[in-house]
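Secondary and tertiary structure notes
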Amino acid sequence: MGEAHGSFVAVFLYSEESGESFSKRLPIEGARPPGIIRAAAAFEGAAAVDVFRLVDASAWPEAAAYLYAETVPRTLADGDGDVVQQISTPDD
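Read on for an overview of the structure. Throughout, residues of each chain are indexed from 1 in the direction in which the sequence is written. Owing to the predicted nature of the model, reporting of local features is limited to residues with pLDDT of at least 70; listing and counting of side-chain atom pairs is limited to 80 or more, with chain, interface and lining totals taken over all residues. As a rule here, side-chain values come from all non-hydrogen atoms in the structure, and water together with hydrogens is ignored.

**Some points on the overall build of the protein**
Keep this limit in mind: Helix and strand assignments follow DSSP, with helices taken as H or I runs no shorter than four residues and strands as E runs no shorter than two, numbered in order from the N terminus. In this scheme, a residue with accessible area under 20% of its type's maximum is buried, one over 50% is exposed, and one in between is partly exposed, where area comes from a 1.4 Å probe on protein chains only. Contacts were defined at the residue level, with two residues in contact if any of their heavy atoms lie within 4.5 Å.
From N to C terminus, the protein includes one helix and six strands. Along the protein, from the amino end to the carboxyl end, the secondary structure elements read α-β-β-β-β-β-β. Within the protein, the proportion of its 92 residues that are buried is 30%. Nonlocal contacts in the protein, meaning residues at least 24 apart in sequence, comprise 51% of its contacts between residues at least 6 apart.

This is the structure:
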């Protein structure tokens, strides 16, 4: 169980046929799961970010599920090649 203390599995879910669900192990950055996760994506050949919102944290700190909310045409803020960015919300 040692790995569960420093990381969790984020499950990214898409509704209908808008995309294929996937999971990724991410570092734990707080006492609660992040409310929003942004993942690098491509939209019509341009850099974009898929935004996912927390929908189930019942398995925290081992796992949390996120539902696709939208795609926005931009890159992640830090620009250092990260493909996932965790964002805390006021309830985190």
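**What to know about the pairing of strand S1 (residues 7-13)**
Basically, it comes down to this: We treat two strands as partners when DSSP finds at least two bridges between them.
Pairing between S1 and strand S2 (residues 22-27): six bridges, direction antiparallel. Looking across to S2, one finds that Val9 is bridged to Arg25. As paired elements, S1 and strand S5 (residues 63-72) share five bridges and run parallel to each other. Directly across from Leu13, in S5, lies its bridge partner Leu67.

**Notes on the packing of aromatic side chains**
Counted only if it meets this: A pair of Phe, Tyr and Trp rings is counted when the ring centres sit within 6.5 Å of each other, with Trp represented by its six-membered ring. The angle between the planes then sorts it: under 30 degrees is stacked, over 60 is edge-to-face, the rest tilted.
Tallied over the entire structure, the rule returns eight aromatic pairs. On the basis of an interplanar angle of 80 degrees and a centroid distance of 5.4 Å, the ring pair of Tyr14 and Phe52 is categorised as edge-to-face. In this pair, Tyr14 sits in the loop between S1 and S2 while Phe52 sits in strand S4 (residues 46-56), placing the two residues 38 residues apart along the sequence. Classification of Tyr14 as buried rests on a relative accessible area of 15%. Among the aromatic residues, those joined into a cluster by ring pairs are Phe12, Tyr14, Phe22, Phe52, Tyr66 and Tyr68.

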